[in-house]
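Coordinate inspection notes
Chain residues, written in single-letter form:
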2 protein chains.
Amino acid sequence: MASLGDIGVSALINILTAFAFLLAFALLRIQPINDRVYFPKWYIIGARTSPKHADNFVAKFVNLNLKTYLTFLNWMPQTMRMKEPEIIEHAGLDSAAFLRIYLLGLRIFGPAAIVAFLVLIPVNVSGGMLFFLSKELVISDIDKLSISNVQPKSPKFFAHILMMYLFTFWACYMLYKEYDVVASMRLNFLASKSRRAEQFTVLVRNVPRVPDRSVSDTVSCFFKKNHSTHYLCHQTVYNANKYARAVRKRQKLQNYLDYNQLKFERNPNKRPTKKTGFLGLWGQQVDSIEYYQQKIKELDEKLTMEHHEILKDPKRIMPAAFVSFNSRWGAAVCAQTQQSKNPILWLTEWAPEPHDVYWKNLAIPFVSLSIRKLVISLAVFALVFFYIIPIAFVQSLANLEGLEKVVPFLRPVIEWSFIKSFLQGFLPGLALKIFLWLLPGILMTMSKIEGHVAFSVLERSTAAKYYYFMLVNVFLGSIVTGTAIQQLHSFLHQSPTQIPRTIGVSIPMKATFFITYIMVDGWAGMAGEILRLKPLIMFHLKNMVLVKTERDRLKAMNPKSIDFPEAIPSLQLYFLMGAVYAVVTPILLPFILIFFAFAYFVYRHQVINVYNQRYESAAAFWPHVHHRIIASLLISQLLLLGLLSTKKAANSTPLLAALPILTLTFHKFCKSRFEPAFRKYPLEEAVEKDAQDEASEPEPDMKSYLCEAYLHPVLRSIEEFELFELGVDHNQAHMPSQLATEPISRSRSPSPVNEQENKVSPKMQHLEVVVEQESSYTHHHKTSALNVDGMHH
Amino acid sequence: MASLGDIGVSALINILTAFAFLLAFALLRIQPINDRVYFPKWYIIGARTSPKHADNFVAKFVNLNLKTYLTFLNWMPQTMRMKEPEIIEHAGLDSAAFLRIYLLGLRIFGPAAIVAFLVLIPVNVSGGMLFFLSKELVISDIDKLSISNVQPKSPKFFAHILMMYLFTFWACYMLYKEYDVVASMRLNFLASKSRRAEQFTVLVRNVPRVPDRSVSDTVSCFFKKNHSTHYLCHQTVYNANKYARAVRKRQKLQNYLDYNQLKFERNPNKRPTKKTGFLGLWGQQVDSIEYYQQKIKELDEKLTMEHHEILKDPKRIMPAAFVSFNSRWGAAVCAQTQQSKNPILWLTEWAPEPHDVYWKNLAIPFVSLSIRKLVISLAVFALVFFYIIPIAFVQSLANLEGLEKVVPFLRPVIEWSFIKSFLQGFLPGLALKIFLWLLPGILMTMSKIEGHVAFSVLERSTAAKYYYFMLVNVFLGSIVTGTAIQQLHSFLHQSPTQIPRTIGVSIPMKATFFITYIMVDGWAGMAGEILRLKPLIMFHLKNMVLVKTERDRLKAMNPKSIDFPEAIPSLQLYFLMGAVYAVVTPILLPFILIFFAFAYFVYRHQVINVYNQRYESAAAFWPHVHHRIIASLLISQLLLLGLLSTKKAANSTPLLAALPILTLTFHKFCKSRFEPAFRKYPLEEAVEKDAQDEASEPEPDMKSYLCEAYLHPVLRSIEEFELFELGVDHNQAHMPSQLATEPISRSRSPSPVNEQENKVSPKMQHLEVVVEQESSYTHHHKTSALNVDGMHH
């Protein structure tokens, strides 16, 4: 138990750490050499290019303008300058909605903190039970401000119950308002988007195999019959995983070729050579450019064969298809209705946007899906409650004796007392740390096995799993001592009314732990987030070792998306802590408020300058956020109920029992009021949008546009596949007519070179012309790869 | 604890009772006077008329043909003569599916009983633990055959676990097959039906109020815009509850008039008179025929006014409408999609068939619905667990002293020892018996408050509530001694693993109780069902006292529908008993099998000869039946788990833990595989059916047919309203063209009289011609009421 003073010291240390991080960030971000680490988003959208034209060589890497050092903290006001609609425009609705979660935290807990400080803390302090006990027990000052200080059977508990009611009503009111806002933002966002493939397209899975008939025929027959006036065309799904691997290999070769050609251009006297053996260390000396050109040619032949095979072999066609309609209305109808008499065939759902599709899972049949779901739920349960078993096993192996057996020659070093004590302290935790570091990856793999077909859904599913893990192992695990298995055991053998009491009674005692947690994980964590130490180091390392061409530099810079699967569950843990401690130990609230405010600034900066979302789900995660905050409220109510029942406040406690029921009713109401906006697409909206399109642009060539939008990216063209892998959305907000002619030009600064070839290439790489395509590979690729952000001119 | 001998005696008594009932039935049913009690269905469909043409007066009432007495048991083979498709044709799919539940019981428990007798009983008997104990304890013979006879820690429990697995797999296999069959029966049934209003119509609720615009305009605008090519017409819903009351009053007056006119016809010399005062006992003497004619005329004027007001007053128009489409495809699309941006407005669902609509609940707004649902769920919870409190209170009042205080003059009678002991035994149970008798009504009222809009849904919801009540108070209440409140208390304060043990350990001991229950409630109950003692007495009483006209006789005969809300939950209790005891005390299974077989015969007879379903939901209750049988399996598994854990069979018990998970997975799979067939209407089916109609009858006048199908019956015509109230479905399987001309003629034997008037009347009674209608009321009514089953000629 820490006193208020201890907490103050801890807070100071953490504040200083955070400030040090911020200072480092402020200094590092203005160095040109780090520009691509701290502002990659601007490079990707083409608003920023490398500062190569600086006169001074040093100025390329270090900021010599001293004036900028004086204003090194100005990133904070800068982040606030961009308004929400601009953020949506700039980074998408997902990012904007993500920022709103932090604002929601401030809105819920801000007033709650004020009321709690004005009312509850005086009530708690005046109780003074702990003053009498303090000589016998070690009581922290914080406990004097908490509910622990109120004497059992005291009528003061009415104040806590009232506060819980007020807090719940306030939180529900804010949640309702926020859900309303986000739902209408989503609808507006979807409405404001111009024609996009996913608005007209439905993903159909479990297409039945009809003997002597191709999948494509079956699909077109079925939809021509059942959606006669609306069906436009469809795109079958090919199993192109093997082809994708070959394409990646070709990319690598192309990269080497580009590098060598650049080398040759700079130094035209000496043709670069290489050895053909392992890692280029031995073997025959050959001309590099010729060697790679030869290799690429061989691979291209193989690729063409493979490409042909994919298109011809019926086994490579998966029983799934993207079916496009001639109006949003038609697609909305198909996505929401049942198609076939057998409800596990012809399953329709909205197609994810092309970048969001997780191609590998498109072919899983229905029965297999049910089994996968079962297996994964069992696995998640086991992981949450029993993960400690394998780790304890590894820990028992990874002790000093084990180490000495494996590496006997190190024995003298290990026996040194300093190193020995270091290892003894370090080794047991190592397995756990490795596991926690691997955890998000493990959970993502589980979600992939579960069979979701879009990255956005995969991430949401991973986030849910991560939340359960955090809830049980971080939150409950910190409150109730003992491992998760012990908890599970005691939960199974305790009565349902006993569990909230067991947990509730230890809540006030753990307040200081959670305050420290908020400061270490929250405050310092956020400062670390903005510093981007790992990407910074990785970028410079890659730049020194790996980067050969501009394409490589783009890869090294790639900031990826916000890590929703980790960020959202961690965030929700703070909501849970806030809800649980708002009434019990309100002193915790300011710490959470600071976290929310600080994190809001940081992520606002990151969203504007760093992250580049791979997909746009239009805030589809909001229902999950909402549900879990409601779950937090329920947990806090049950725990307070348990806590009060140990305080013998028999006359006041039953008053609380109505609260969970009211909260659940609110949840149900919100679910039916808002959730359809996130799952379905209202026909009213579809009709309006169709009419608008009709008025503005009467007859676009929808068919040719839609039919190619959902081709497996690897089959489309190798160049587009690369952009796809990098997450560059070249056809965002494109009209169909534009798409066919200018695939990249919008997302980069104007590049006059090779415009003609670029114009030809995407058209050439459609399925129909694939045979003639080989010859254009080499030439085309050279230009487009160097072109990618138009900066080598 | 009863021995096998005791059970045998009890079985004998119950078998004899059942046989006595059957004998009574067999004798009563061949008496012509009871014909309308035992064969009302045939009267309603018009295949049978009163045997008035017999020569002998006595033969009108008593069967004098001695030959028929010799074959008095031939109803049993007779019931089997009708094949399932004929039953569907004759009584509807609901009844046919209801019969299949009993067959399913036979199919699940038949093989289970054989295996259990061959394997489990020898295993149990050979254990012989109870032989050693029998001197000390009173052990029943039945327990020697049950799991109680196996010694703790015995490896024989593997046999029980294996049996449980086998039983579960077998039950799931049968459930799967049956669900499959019923689902395809449903689809075929729906497909085989000719054009019916509900196939083209969608119920829209929560139509938003637009200022200065009528609901009708809002609806037509919205659907013209959002379903432009499919919308046909709509029918707004009027609040006609007041009007309906007036119409019922008019019906009564008309009935008196008919009676008096008949009286006058038979005895033309004396005009019937009546007194105007209370119950016709005093007051002014008037001519009856004139009096009633005058009264009806007055009421008709009021009715016309009210009718006008309903159609004009916008407040009487509810924010709901029945919207009809020009194809099944259009209706299927509208019913399954979200219409509006605000998901709690414009809620669409399939319209129930016109007879199934519960008009009163159509106007409940969404928010009120959520609150109603919450309140009713709390009320059901309270009813299930705390119903005993008010009953105990009433019981404490309704004792002998209380009775003596209220009726002091009865004191001498009450003090007689015989009467005293009778009352002492009778009174305490009286409150409980009255409550149980009222229970289905109470639950139905609750369902009505919940806001369902169709009788079929109301009945399903009532059945669910009744099932919970039976499960807690009959099943658990019989196993665990103590009231439901005590159980609830102990459940809340026991650990989740303790509850199955507490219940499981008392299961084998209660086997004899349940065997007796099956015989009393099941066997004798079924015999009582076929005897129809209450309807028999009521019919003859009404016939003597109340029946004045043929219309009254039709009313007195009205057999109503099968009582699904009571019959299905009781039936499901037998599945639960069977599942729980299949492994524990298999000797119970034959009793259940006999019940299922006997009940199957009885209900087959009743379905063919007696009941007349008010509505046809096309087996919509099947998912509920399926879910609850799965719930029974889960309960039985958990209880066996609990029972085995008290037997210290630690090495075998964990094997059982996988079974509930597998069962749940099976449940989930079935839910997605079959449930959509009961909730949605596949577009494939809709398109096929539309095409068939197109081919067979290209251009019917759909609009005029559909627009009137969903008029509130009371607004349609008074005659149709009467038929509606009696549950006579005059437009079943009608083509639109037929409907307009011959509403009743199909469902009765040919009646040449007044064909012309009949042809005219329904046309005249549409909304547009309602003003001119008054004059035709009297004349028209006289004929049509007498006409109703064409038997007075």
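What you see is a predicted model, and the numbers here were worked out from it, not measured in a lab.

1. Digging into the overall build of chain A
When its secondary structure is counted, chain A shows 38 helices and six strands. Long-range contacts, defined as pairs at least 24 residues apart, comprise 81% of the intrachain contacts of chain A with a sequence gap of at least 6. Entry remark: accessible area of chain A is about 34,900 Å², with carbon and sulfur atoms responsible for 65%.

2. Quick word on the sheet that holds strand 1 (residues 201-205) of chain A
Residues and elements named next belong to chain A. Reading across from one edge, 2-5-1-6 is the order of the four strands in this open sheet, with antiparallel pairing throughout. Where the open sheet ends on each side, the last strands, each with one partner, are strand 2 (231-238) and strand 6 (347-350). The average angle at which neighbouring strand axes cross in this sheet is 30°, direction not considered. Those strands touched by helix 15 (residues 328-336) are strand 1, strand 5 (317-325) and strand 6, and its axis lies near 130° from that of strand 6.

3. A few points about the pairing of strand 2 of chain A
Residue and element names in this part refer to chain A. Most of strand 2 is tucked away: eight of the eight residues are buried. Where strand 2 lies against strand 5, seven bridges are found, and the strand directions are antiparallel. Looking at strand 5, one finds that Tyr-238 is bridged to Ile-317.

4. What about the packing of aromatic side chains?
Residue and element names in this part refer to chain B. Within this structure, the stated rule accounts for 84 aromatic pairs over all chains. On the basis of an interplanar angle of 75° and a centroid distance of 5.2 Å, the ring pair of Tyr-291 and Tyr-292 is categorised as edge-to-face. The ring of Phe-455 is capped by Arg-614, whose NZ or CZ atom sits 4.1 Å from the centre of that ring.

5. Re the sheet that holds strand 6 (residues 347-350) of chain B
Residue and element names in this part refer to chain B. The sheet built from four strands is open, its strands ordered 2-5-1-6 with antiparallel pairing. Two strands bound the open sheet, and with one partner strand each, they are strand 2 (231-238) and strand 6. Across the sheet, the axes of successive neighbouring strands diverge by a mean angle of 30°, strand direction being ignored. Here strand 1 (residues 201-205) pairs with strand 5 (residues 317-325) via four bridges, running antiparallel. Directly across from Val-204, in strand 5, lies its bridge partner Ala-321.

6. Considerations on unusual backbone geometry
In this structure, Arg-532 of chain A is a non-glycine residue whose phi angle is positive, near 50°. You can see Arg-532 of chain A is positioned in the loop between helix 24 (511-531) and helix 25 (533-545).

7. Section: the nonpolar core
Core analysis: the biggest nonpolar cluster contains 152 residues, and Phe-98, Phe-475 and Phe-595 of chain B have the highest contact counts within it. With 16 residues, helix 10 (residues 157-192) of chain B is the single largest residue contributor to this core. For Phe-595 of chain B, the contacting residues outside a window of four places in its chain are Tyr-102, Ile-518, Gly-522, Trp-523, Met-526, Leu-571 and Tyr-574 of chain B. Ala-96, Met-163, Tyr-358 and Phe-596 of chain A belong to the second largest nonpolar core, which has 151 residues in total.

8. Quick look at the relation of the copies chain B and chain A
Copies of the same chain, two in number, are related to each other by a rotation about an axis and a translation along it. Between chain B and chain A, the superposition needs a rotation of 180° and an axial shift of 0.0 Å, giving an RMSD of 0.1 Å. Here the transformation between the copies is reduced to the relation of a two-fold axis. No C-alpha of chain B lies nearer the rotation axis than that of Ser-495 of chain B, which sits 1.7 Å from it. The residues that chain B uses at the interface reappear at the interface of chain A in 100% of cases, marking a shared surface.

9. Here's the deal with the interface of chain B and chain A
If you look at the interface, chain B gives 45 residues, while chain A gives 46 residues. Each partner contributes to the roughly 4,000 Å² buried at the junction of chain B and chain A, and carbon and sulfur atoms together form 64% of this total. Three residues, Gln-338, Lys-341 and Glu-684 of chain B, lead the burial of chain B against chain A; their summed loss comes to 17% of the area buried on that side. Counting across the interface, chain B meets chain A through six salt bridges. For Lys-341 of chain B, the salt bridge goes to Glu-688 of chain A, with nearest N and O atoms at 3.2 Å. On the surface where chain B and chain A come into contact, there are 15 residue pairs in polar contact (both at pLDDT 80 or more). If you list the elements that add at least two residues to the side of chain B that touches chain A, you get helix 12 (215-226), helix 15 (328-336), helix 16 (366-386), helix 22 (484-493), helix 30 (658-674) and helix 32 (683-696) of chain B. It is helix 30 of chain B that provides the largest number of residues to the side of chain B that touches chain A, a total of six residues. Per-class residue counts for the side of chain B that touches chain A are 22 nonpolar, 16 polar and seven charged.

10. Comments concerning helix 30 of chain B
Counted at 1.5 Å a residue, the expected span for helix 30 of chain B with its 17 residues is 24 Å, and the 24 Å between its end C-alpha atoms agrees. Inspection of helix 30 of chain B places Leu-659, Pro-660, Thr-663, Thr-665, Phe-666, His-667, Phe-669, Cys-670, Arg-673 and Phe-674 of chain B among the buried residues, and these make up the whole buried set. Contacts made by the buried residues of helix 30 of chain B are with helix 16 (366-386) of chain A together with helix 10, helix 29 (622-646) and helix 31 (676-679) of chain B.

11. Section: the environment of Pro-586 of chain B
Within the fold, Pro-586 of chain B resides in the loop between helix 27 (564-584) and helix 28 (589-609). If we skip the residues at most four places from it in the chain, Pro-586 of chain B touches Ala-116, Phe-117, Leu-120, Ile-121, Asn-124, Leu-145 and Tyr-581 of chain B.

12. Examining the pattern of salt bridges
All chains considered together, the criterion is met by 24 salt bridges over all chains. Linked by salt bridges that have partners in common, Glu-84, Arg-100, Arg-107 and Glu-178 of chain A make up one network.

13. Focus on the confidence of the model for chain A
Residues and elements named next belong to chain A. Residue-level pLDDT values for chain A average 76, and 77% of them are 70 or greater. Every residue in residues 729-793 is under pLDDT 50, and counting partners more than four places away or in other chains gives 104 contacts. This complex was scored by the predictor with a pTM of 0.79 and an ipTM of 0.75.

14. Some details on the packing of helix 10 of chain B against helix 29 of chain B
All names here are of chain B. Closest axis-to-axis distance for the helix 10/helix 29 pair is 11 Å, and the angle between their directions is 175°. Overall, the two elements helix 10 and helix 29 adopt an arrangement that is roughly antiparallel. Mapping the contact onto sequence places Phe-157, His-160, Ile-161, Met-164, Phe-167, Thr-168, Ala-171, Cys-172, Leu-175, Glu-178, Tyr-179 and Val-182 in helix 10 and Trp-622, Pro-623, His-626, Ile-629, Ile-630, Leu-633, Ser-636, Gln-637, Leu-640 and Leu-644 in helix 29. When its residues are assigned to classes, the contact of helix 10 with helix 29 shows 16 nonpolar, five polar and one charged.

15. Overview of the environment of Ala-97 of chain A
By the element assignment, Ala-97 of chain A lies in helix 7 (residues 93-127). As a C-alpha pair, Ala-97 of chain A and His-489 of chain A span 392 residues in sequence and 39 Å in three-dimensional space.

Criteria and cut-off values
Residues numbered from 1 in each chain as written. Chains lettered and ligands numbered in written order. Predicted model: local features only at pLDDT ≥ 70, side-chain atom pairs only at ≥ 80, totals over all residues. Heavy atoms only, no water. Helix = DSSP H or I, 4+ residues; strand = E, 2+ residues; numbered from the N terminus. Contact = heavy atoms within 4.5 Å. Areas by Shrake-Rupley, 256 points an atom, 1.4 Å probe, with all protein chains shown as cover. Pairing = 2+ DSSP bridges. Axes fitted to C-alpha atoms, helices over the stretch in contact; angles between N-to-C directions. Buried < 20%, exposed > 50% of the residue type's maximum accessible area, 1.4 Å probe, protein only. Phe/Tyr/Trp six-rings, centres within 6.5 Å; stacked < 30°, edge-to-face > 60°. Lys NZ or Arg CZ within 6 Å of the ring centre and 35° of its normal. Core = buried A, V, L, I, M, F, W, Y, C linked by side-chain atoms within 4.5 Å. Least-squares fit on C-alpha atoms with pLDDT ≥ 70 in both. Buried area = accessible area lost by both parts, 1.4 Å probe. Salt bridge = Lys/Arg side-chain N within 4 Å of Asp/Glu carboxyl O. Polar contact = N/O pair within 3.5 Å; in protein donor to acceptor, adjacent residues only side chain to side chain. Nonpolar A, V, L, I, M, F, W, Y, C, P; charged D, E, K, R; others polar. Expected span 1.5 Å × (residues − 1). pLDDT = per-residue confidence, 0-100. Parallel < 35°, antiparallel > 145°, perpendicular 65-115°, else oblique.

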